[in-house]
Amino acid sequence: MHSPSGLDTLQRRVLGLAPQPADRLDSPYWISNESYQALRHVLHDVGGQPDASVPYLDKDEADWELRTYVLCEVLAWRGVWNSEVRRRAENDLGATLYFGLPYYGRWITAAAKTLVDKGLISVSELAARIDAVRARREAGS
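Thresholds applied
- Residues numbered from 1 in each chain as written.
- Predicted model: local features only at pLDDT ≥ 70, side-chain atom pairs only at ≥ 80, totals over all residues.
- Heavy atoms only, no water.
- Helix = DSSP H or I, 4+ residues; strand = E, 2+ residues; numbered from the N terminus.
- Contact = heavy atoms within 4.5 Å.
- Buried < 20%, exposed > 50% of the residue type's maximum accessible area, 1.4 Å probe, protein only.
- Polar contact = N/O pair within 3.5 Å; in protein donor to acceptor, adjacent residues only side chain to side chain.
- Core = buried A, V, L, I, M, F, W, Y, C linked by side-chain atoms within 4.5 Å.
- Expected span 1.5 Å × (residues − 1).

Once that is clear, we can look at the overall build of the protein. A tally of helices and strands in the protein yields 7 helices and 0 strands. Ordered by position from N to C terminus, the α and β elements of the protein give α-α-α-α-α-α-α. Of the contacts made within the protein by residues no fewer than 6 positions apart, 56% connect residues no fewer than 24 positions apart.

What follows is the structure, given as structure tokens:
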């Protein structure tokens, strides 16, 4: 319990506290429309962007694509991530990987990165498992 004089001292200290003034932040109100569009553009949002037309291909998924889908669903069931975290992990791959990998290639790359980032598997353990799968595939060929 504080003494009356202790409370007075504490009150004087608290009354002297004040928030520090914040620097003015950039916002759409203080930047050009062109800069605002560049800042709000997210990597995966290509809707309305100019691009060559791409024909729709109705194709069956390859075996590795189906396995990737199942693996990502299992990671969600186990609480490692959800679809929004997966999408964010894909976006965080950067433009080169995002546009350079096939659809399920982004999923599996994001899964591997997420597992390593969360400490659920080490890079060396992941590499060893990839090598083991590669060896099994080569032995079966």
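This part is about helix 4 (residues 83-91). Of the positions making up helix 4, those classed as buried are Arg-86, Ala-89, Glu-90 and Asn-91. Elements in contact with the buried residues of helix 4: helix 5 (95-100) and helix 6 (103-117). Where helix 4 begins, the capping side chain belongs to Asn-82, and its oxygen is found 3.0 Å from the backbone nitrogen of Glu-84.

Of all hydrophobic cores here, the largest spans 11 residues; its members are Cys-72, Leu-75, Val-80, Trp-81, Ala-89, Tyr-104, Trp-107, Ala-110, Ala-111, Leu-115 and Ile-121. Sorting the residues of this core by element identifies helix 3 (63-77) and helix 6 as the ones contributing at least two each. Here the element with the most residues in this core is helix 6; it accounts for 5 residues. Filtering out sequence-adjacent residues up to four positions away, Tyr-104 remains in contact with Glu-61, Trp-64, Glu-65, Thr-68 and Tyr-69.

With that settled, the discussion passes to helix 6. When the terminal C-alpha atoms of helix 6 are compared, their 21 Å separation across 15 residues agrees well with the 21 Å that a helix rising 1.5 Å per residue should span. If you check which residues of helix 6 are buried, you get Tyr-104, Gly-105, Arg-106, Trp-107, Ala-110, Ala-111, Thr-114 and Leu-115. Among the structural elements, helix 3, helix 4 and helix 5 are those in contact with the buried residues of helix 6. A positive backbone phi angle near 75° is found at Gly-119, which sits one or two residues after helix 6.

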